[in-house]
Amino acid sequence: MSDTKVYLLDGGSLVIDGFHVFWNRGPAGEVRFPTYAVLVEHADGRYLFDTGYDFAHVQRVLPFEKPIQTPDQTIPGALAKIGLRPSDINYVINSHYHFDHCGGNKHCTTACTICHAKELEAAGKPQPFEHLGYSDLTFSPDLAKAKQNPPPPDPAMDIYTPKFETVTGDQEIAKGLWLFETPGHTAGHYSMMVELKGRRPMLFTADACYSQKNMDMMCISSFHLDPAESVRSLHKLKDLAKQHDAELFYSHDMESWQTYIKAPGFYS
Ligand code: 5PN
Ligand code: ZN
Ligand code: ZN
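Asker: Quick question: what am I supposed to make of the overall build of the protein chain here?
Answerer: If you tally the helices and strands in the protein chain, you get 9 helices and 11 strands. For the protein chain, the C-alpha radius of gyration of 17 Å lies close to 18 Å, the compact-globule estimate for 268 residues. Seen through its principal axes, the protein chain has C-alpha atoms that stretch 50 × 45 × 35 Å. Across the 268 residues of the protein chain, 54% fall into the buried class. Counting every atom, the protein chain has about 11900 Å² of accessible surface; 53% of that belongs to carbon and sulfur. Of the charged side chains in the protein chain, 24 are positive and 33 negative, and the gap between their average positions amounts to 2 Å.

Asker: Looking at this structure, how should I read the coordination of the zinc ion (ligand 2)?
Answerer: Around a metal, the idealised angle for a tetrahedral arrangement of four donor atoms is 109.5 degrees; for an octahedral arrangement of six donor atoms it is 90 or 180 degrees. The protein atoms that coordinate the zinc ion (ligand 2) are His 96 (NE2), His 98 (ND1), His 185 (NE2) and Asp 207 (OD), at distances spanning 2.1 to 2.2 Å. Counting residues between consecutive donors of the zinc ion (ligand 2) along the chain gives the motif H-x1-H-x86-H-x21-D. Here the zinc ion (ligand 2) and the zinc ion (ligand 3) are spaced 3.6 Å apart, and both take Asp 207 as a donor. Separated by 109 residues along the polypeptide, His 98 in the loop between strand E4 (91-93) and helix H4 (99-102) and Asp 207 in the loop between strand E10 (202-206) and helix H7 (212-217) bring together distant segments of the chain. Assessed through its relative accessible area of 4%, Asp 207 is described here as buried.

Asker: I tried to follow the nonpolar core on my own but got confused; where do I start?
Answerer: For soluble globular proteins, nonpolar side chains are generally found buried alongside one another. Judged by nonpolar contacts, the single largest core of 38 residues is most densely connected at Val 6, Leu 8, Val 38, Met 192, Leu 203 and Phe 204. Every element with two or more residues in this core is listed here: strand E1 (5-17), strand E2 (30-42), strand E3 (45-49), strand E8 (177-181), strand E9 (190-194), E10, helix H8 (227-244) and strand E11 (247-250). If we skip the residues at most four places from it in the chain, Leu 203 touches Phe 180, Met 192, Met 193, Leu 237, Leu 240, Ala 241, Ala 246, Glu 247, Leu 248 and Phe 249. Listed in part, the 14 residues of the second largest apolar core include Tyr 7, Leu 9, Leu 84 and Val 92.

Asker: Please clarify how helix H5 (residues 117-124) should be interpreted in this entry.
Answerer: Side chains of residues three or four places apart in an α-helix project in the same direction, reflecting 3.6 residues per turn. Residues Glu 119, Ala 122 and Ala 123 constitute the buried set of H5. Buried positions in H5, seen along its axis, are confined to an arc of 100° and lie on one side of it.

Asker: Is there a simple way to explain the coordination of the zinc ion (ligand 3) in this structure?
Answerer: Here the zinc ion (ligand 3) is held by the protein donor atoms Asp 100 (OD), His 101 (NE2), Asp 207 (OD) and His 252 (NE2), which lie 2.1 to 2.2 Å from it. One way to put it: the 4 donor atoms around the zinc ion (ligand 3) meet at angles of 87 to 150°, and that makes the site irregular. For the zinc ion (ligand 3), the donor residues sit on a single chain with the sequence spacing D-H-x105-D-x44-H.

Asker: I tried to follow H8 on my own but got confused; where do I start?
Answerer: A rise of 1.5 Å per residue sets the reference length of H8, with its 18 residues, at 26 Å; its end C-alpha atoms lie 26 Å apart and thus fit the reference within 8%. For H8, the set of buried residues is Ser 230, Ser 233, Leu 234, Leu 237, Leu 240 and Ala 241. For H8, the buried positions fall inside an angular range of 130° around the axis, keeping them on one side. What points out from H8, more than 90 degrees from its buried face, is the exposed set Arg 232, Lys 242 and Gln 243. Where H8 is buried, its residues touch E8, E9, E10, H7 and E11. Among the residues trailing H8, Asp 245 stands out with phi positive, at a value near 50°.

Asker: I keep staring at the sheet that holds E2 and nothing clicks. Help me out?
Answerer: The pairing of strands in a sheet happens through backbone hydrogen bonds and is either parallel or antiparallel. Across the sheet, 6 strands lie side by side as E1-E2-E3-E4-E5-E6; this open sheet has mixed pairing. At either margin of the open sheet sits one strand with a lone partner, and together these are E1 and strand E6 (163-167). Geometrically, the sheet is characterised by an average inter-axis angle of 20° between neighbouring strands, direction not taken into account. Two strands pair when backbone bridges link them, and E2 and E3 are joined in this way by 5 bridges, in the antiparallel orientation. Bridging across to E3, Leu 39 finds its partner in Leu 48. Sheet strands touched by H5: strand E5 (112-116) and E6. Its angle to E5, the strand with the most contacts, is close to 90°.

Asker: Before we go on, may I ask you to explain the site of ligand 1 in this structure?
Answerer: As a structural note, the neighbourhood of ligand 1 is formed by Phe 33, Glu 65, His 98, Phe 99, Asp 100, Leu 132, Gly 133, Tyr 210 and Phe 223. Contact between ligand 1 and Glu 65: a nitrogen atom at 2.6 Å from a side-chain N or O atom of the residue. At 3.2 Å from an oxygen atom of ligand 1 is found a side-chain nitrogen or oxygen belonging to Asp 100. When ligand 1 sits alone it has 310 Å² of accessible area, and the protein chains cover 95% of it. Looking at side-chain class alone, the shell around ligand 1 contains 5 nonpolar, 2 polar and 2 charged residues.

Calculation rules
Going along each chain's sequence as written, the residues are numbered from 1 onward. In the order they appear in the text, chains get letters beginning with A and ligands get numbers beginning with 1. Confidence filtering applies because this is a predicted model: local features only for residues at pLDDT of at least 70, side-chain atom pairs given and counted only at 80 or more, and all residues used for totals across whole chains, interfaces and linings. With hydrogens and water set aside, each side-chain value is computed from the structure's full complement of heavy atoms. Secondary structure elements follow DSSP: runs of H or I of four or more residues count as helices, runs of E of two or more count as strands, with numbering from the N terminus. For the radius of gyration, the atoms used are the C-alpha atoms, and the globule rule reads 2.2 Å times the number of residues raised to 0.38. Categorising residues by exposure relies on relative accessible area from a 1.4 Å probe, with only protein chains included: less than 20% of the type maximum marks a residue as buried, more than 50% marks it as exposed, and the intermediate range marks it as partly exposed. With residues, only the protein chains shown are counted as cover, and all accessible areas are computed by Shrake-Rupley using a 1.4 Å probe. Lys and Arg are tallied as positive, Asp and Glu as negative. Neither His nor the chain termini are counted. Working definition for charges: the position is that of NZ of Lys, CZ of Arg, CG of Asp or CD of Glu. Only nitrogen, oxygen and sulfur atoms within 2.8 Å of the metal, or 3.2 Å for Na, K and Ca, are treated as donors, and water is left out, so sites may look incomplete. To form a nonpolar core, buried Ala, Val, Leu, Ile, Met, Phe, Trp, Tyr and Cys residues must be joined to one another through side-chain atoms within 4.5 Å. Any two residues having at least one pair of non-hydrogen atoms within 4.5 Å are treated as being in contact. The arc in question is formed by the directions pointing from the helix axis toward the C-beta atoms. Square planar and octahedral sites, with four and six donors, are those where opposite donors lie more than 155 degrees apart and all other angles lie between 65 and 115, tetrahedral sites have four donors with every angle between 85 and 135 degrees, and the rest are irregular. Expected helix span is taken as 1.5 Å per residue step, with the number of steps being one fewer than the number of residues. Think of it this way: DSSP has to see at least two bridges between two strands before they count as a pair. Note on method: axes are straight lines fitted to C-alpha atoms, helices fitted across the in-contact stretch only, with angles between N-to-C directions ranging 0 to 180 degrees. Think of it this way: one heavy atom of a residue within 4 Å of a molecule or strand is enough to make that residue near it. Each polar contact in these results corresponds to two N or O atoms within 3.5 Å; when the atoms are within protein, one needs to be able to donate a hydrogen and the other to accept it, and residues that are neighboring in sequence are counted only if both atoms are side-chain atoms. Polar here means any residue outside two lists: the nonpolar Ala, Val, Leu, Ile, Met, Phe, Trp, Tyr, Cys and Pro, and the charged Asp, Glu, Lys and Arg; Gly therefore counts as polar.

In structure tokens, the structure reads:
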């Protein structure tokens, strides 16, 4: 049995305003940030935590976020760089269903899809202020078809019938692979911790904490369902990191991203 490996798959970048990164604090101005997927090669199979954004979707629905993504920064492209194909992925776990975390799900046609039970429900009936966040529903062709503004027809979507497994609570879903509930940003948001043989555990905050600065200032992002709950989740992440001596990996932090080992390099 081989030891667990973690690869960070670069997904390109987007732009949002500084007041969205730091709620009610700013400063204003364009902030370009990375998006990425986390591939966990585990004895039980290959897990992909988040799948980045779909370039065509962002161009069509949120062009003001100025997407920059090369073919190498798509899920098929990034996997090819390490000798894999999307069909090699056994499980896709989504921290939440915002468009910048689930855009590549549709490529993983043979994977079982895992998320928090509340997240799947929320994506189907978003609050009025959540429509842009939940604008890419291609992770669930059933949901996408039910919407008034479906994406352009894509024959590939007819053969994509993902099987969903929903989870609740804090769970060790495979040995050393933990999901921790961190709601607030969305209803069913999960962060993931991976225990490795040769280093400290890696704790992927996802959008419960965009960046080191958000953590330092205990300042949440402006996209949230429940800001008070978001702040509680920030504290929970800080406590978990301390309790497990885990290293925090942030979802949208250009400065931290520069220091991370990216695929084809890996953590083990
Ligand atoms: C990157 C980004 N842009 C817009 C939104 C939104 O409206 O909800 C979440 C979100 C994002 O993560
Ligand atoms: Zn989000
Ligand atoms: Zn995000």
